[in-house]
Amino acid sequence: MNQQDVGPNIQAPAWRLQLLAWLAAERAALLRPLRGIDEAMLSDLLVDEAWMAKDILAHIGAWDAFHTERMSLVLNGRINAIPELGGQVEMDVRNAELLAFSRNLSLEQALAVCLKERSSFLAVLARIPDELLHREIELPWGWRTHMREWTEWRCRHDAVHAEHLHAWRNQLPKEHKSQAGPIYLLRAMLKSTRNEFLAIANLVPAAERESRPVCGVWSLKDLVGHLTDWEQVGVVGLRQLAAGQTPQFDAPIDDFDTWNNAHAAVRRDQPWDEVWAEFYETRRELLALVDEMGEVGWQRPFPTPWDSQINGYFWTTIWTNHEHEHAADIRLALQSDD
């Protein structure tokens, strides 16, 4: 059976799972401020005195690649081949070179660099044995460090730039944050919050998935079922939009708590494997519909089951926001147990 059908992979020490969860959470936080902003603004409007949002994405990807290369050299026993980066002056020169490079990229290309280089970094990280990741290494110029610290830098680097992007977003007029943004970026956001949720869910032991509260009284199984139930509502709307229709729903959702409790009760005796498989399959269908959607579908307004107005783009952002919120619930529950 495919791992995606049975649940998160928990075959790793807790500290490594926590490190991966940190990486995933910071990456989701990095992309969140970009929602609802159109491609032109993300490509042409300065976030600070020098950098546009797309420059920041390419910059982060380049520094991920820098650390991937260094970690690969250590892994292959070639520490002496690692070149010295130098001090702040040399770093400023490198960042200026990266900025010049990113100016020739489109937003989509910059995002592709960001995503590809993080994927490469995670692949190398997965190959590094636990002992080697923690082992102190001496670089050719005498600097002592270890690769776990390099990994933590990747988390902090995302966090610093996420803070910059959030501050920039907060200063934008409301109408500039209410656009149907690029769909390739929306898809990346959906993936980032799914990764965030999976990574933090990994920290709940398999034996406690159905018993340990992680969101109020809900267990991880309850929470996964809850996310699936709501995302299936999302799929109903997207399926009609993709077919060129204005979404209509079978029944209104007048009270969220009543709706949530009724659906949780239906799933109470459902086996974990079934809940997880449905969670995975629902997301697969949602992403397939995102890929099928035409431009009109993203802009089409329609009433939600809870009697507000929305369009296809912001309807889809609901499901990435929802998953992010509940990843935070699990994180808080785990922290309270420490």
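Residues numbered from 1 in each chain as written. Predicted model: local features only at pLDDT ≥ 70, side-chain atom pairs only at ≥ 80, totals over all residues. Heavy atoms only, no water.

## Considerations on the overall build of the chain
Along the chain, the regular secondary structure elements total 14 helices and four strands. Here the C-alpha radius of gyration of the chain, 22 Å, is about what a compact globule of 338 residues would show, namely 20 Å. The principal-axis extent of the C-alpha atoms belonging to the chain is close to 70 × 50 × 35 Å. Counting all 338 residues of the chain, 49% fall into the buried class. Across the chain, every contact between residues at least 6 apart in sequence was considered, and the portion connecting residues at least 24 apart equals 78%. For the chain, the accessible area works out to roughly 16300 Å², and carbon and sulfur atoms hold 52% of it. (Helix = DSSP H or I, 4+ residues; strand = E, 2+ residues; numbered from the N terminus. Rg over C-alpha atoms; globule rule 2.2 N^0.38 Å. Buried < 20%, exposed > 50% of the residue type's maximum accessible area, 1.4 Å probe, protein only. Contact = heavy atoms within 4.5 Å. Areas by Shrake-Rupley, 256 points an atom, 1.4 Å probe, with all protein chains shown as cover.)

## Quick look at the side chain of Arg-70
Counting through the fold element by element, Arg-70 comes out in helix H4 (residues 53-75). This buried residue, Arg-70, is left without a salt bridge; Glu-69 holds the nearest opposite charge, at 6.6 Å. Not counting chain neighbours up to four residues away, the residues in contact with Arg-70 comprise Ile-82, Pro-83, Glu-84, Leu-85, Trp-141 and Trp-150. (Lys, Arg positive; Asp, Glu negative; His and termini not counted. Salt bridge = Lys/Arg side-chain N within 4 Å of Asp/Glu carboxyl O.)

## A closer look at helix H12 (residues 272-292)
Relative to the 30 Å expected for 21 residues at 1.5 Å per residue, H12 spans 31 Å between its end C-alpha atoms, a close match to the ideal helical length. Taken residue by residue, H12 has Trp-272, Val-275, Trp-276, Phe-279, Thr-282, Arg-283, Leu-286, Leu-287, Leu-289 and Val-290 as its buried positions. Burial along H12 is one-sided: seen end-on, the buried residues are contained in an arc of 160 degrees. Set apart from the buried face of H12 by more than 90 degrees, the exposed residues are Asp-291 and Glu-292. (Expected span 1.5 Å × (residues − 1). Arc of directions from axis to C-beta.)

## Section: the environment of Gly-234
On the secondary structure map, Gly-234 appears in helix H10 (residues 220-242). With residues up to four places along the chain from it excluded, the contact list for Gly-234 reads Trp-315 and Trp-319.

## Digging into the packing of aromatic side chains
Under the counting rule described, the total for this entry stands at 15 aromatic pairs. Arranged with centres 5.0 Å apart and planes meeting at 50 degrees, the rings of Trp-276 and Phe-279 form a pair that is tilted. Placement of both Trp-276 and Phe-279 in helix H12 is noted, with a separation of three residues, approximately one turn of the helix. For the residue pair Trp-276 and Phe-279, the accessibility class agrees, reading buried in each case. Among the aromatic residues, those joined into a ring-pair cluster are Trp-230, Phe-249, Phe-256, Trp-259, Phe-302, Trp-306, Trp-315 and Trp-319. The ring of Trp-63 is capped by Arg-94, whose NZ or CZ atom sits 4.5 Å from the centre of that ring. The lysine or arginine in question, Arg-194, covers the ring of Phe-279, its NZ or CZ lying 3.8 Å from the ring centre. (Phe/Tyr/Trp six-rings, centres within 6.5 Å; stacked < 30°, edge-to-face > 60°. Lys NZ or Arg CZ within 6 Å of the ring centre and 35° of its normal.)

## Description of the layout of surface pockets
Reported here for the second largest pocket is a volume of approximately 380 Å³. Lining the second largest pocket are 20 residues, and of these Trp-63, His-67, Leu-85, Met-91 and Trp-153 lie nearest its centre. Elements that contribute at least two residues to the lining of the second largest pocket include exactly H4, helix H5 (88-102) and helix H8 (147-171). Per element, the largest residue contribution to the lining of the second largest pocket is six residues, and it comes from H8. Looking at side-chain class alone, the lining of the second largest pocket contains ten nonpolar, six polar and four charged residues. (1 Å grid on protein atoms, 1.4 Å probe; cavity = no way out; pocket = protein on both sides within 12 Å on 5 of 7 lines; lining within 4 Å. Points joined across faces, edges and corners; volume = space filled by probe spheres on them. Nonpolar A, V, L, I, M, F, W, Y, C, P; charged D, E, K, R; others polar.)

## Some words on the packing of helix H2 (residues 14-31) against helix H6 (residues 107-127)
Closest axis-to-axis distance for the H2/H6 pair is 13 Å, and the angle between their directions is 180 degrees. As judged from the angle between their axes, H2 and H6 are roughly antiparallel. Along the contact surface, H2 presents Arg-16, Leu-20, Leu-23, Arg-27 and Leu-31, while H6 presents Leu-111, Cys-114, Arg-118, Phe-121, Leu-122, Leu-125 and Ala-126. Grouping the constituent residues of the contact of H2 with H6 by class yields nine nonpolar, no polar and three charged. (Axes fitted to C-alpha atoms, helices over the stretch in contact; angles between N-to-C directions. Parallel < 35°, antiparallel > 145°, perpendicular 65-115°, else oblique.)

## So, the side chain of Gln-270
Structurally, Gln-270 can be placed in the loop between helix H11 (256-267) and H12. A polar contact of 2.9 Å, which involves the side chain of Gln-270, links it to the side chain of Arg-267. Every residue in contact with Gln-270, bar those within four places of it in the chain, is listed here: Lys-221, Val-275 and Glu-278. (Polar contact = N/O pair within 3.5 Å; in protein donor to acceptor, adjacent residues only side chain to side chain.)

## With respect to a negative patch on the surface
Together, Asp-254, Asp-255, Asp-257 and Asp-307 make up a negatively charged patch on the protein surface. The topology assignment puts Asp-254 in the loop between H10 and H11. (Patch = residues over 30% accessible without salt bridge, like charges linked within 9 Å, V, L, I, M, F, W, Y side chains within 5 Å. Charge placed at Lys NZ, Arg CZ, Asp CG, Glu CD.)

## Observations concerning the nonpolar core
If you look at the biggest cluster of nonpolar residues, it comprises 26 residues, and the most contacted ones within it are Leu-31, Leu-34, Leu-42, Leu-57, Leu-165, Trp-168 and Leu-185. Residue assignment for this core shows that the elements contributing at least two residues are H2, helix H3 (39-44), H4, H6, H8 and helix H9 (183-201). Considering every element that reaches this core, the biggest residue donor is H4, with five residues. Residues contacting Trp-168, with those up to four places away along its chain left out, are Ile-37, Met-41, Leu-42, Leu-45, Leu-46 and Val-47. With 25 residues, the next largest nonpolar core counts Val-214, Leu-227, Trp-272 and Ile-330 among its residues. (Core = buried A, V, L, I, M, F, W, Y, C linked by side-chain atoms within 4.5 Å.)

## Brief notes about the packing of H2 against H8
Where H2 meets H8, the closest approach of the two axes is 8 Å, and the angle between their N-to-C directions is 25 degrees. By the angle class used here, H2 and H8 are roughly parallel. The crossing of H2 and H8 is left-handed. Two secondary-structure elements touch here, H2 through Trp-15, Leu-19, Trp-22, Leu-23, Glu-26, Arg-27, Ala-29 and Leu-30 and H8 through Arg-148, Thr-151, Glu-152, Arg-154, Cys-155, Arg-156, Asp-158, Ala-159, His-161, Ala-162, Leu-165 and His-166. Residues that form the contact of H2 with H8 fall into these classes: ten nonpolar, three polar and seven charged. (Left-handed = near helix turned anticlockwise from the far one by under 90°.)

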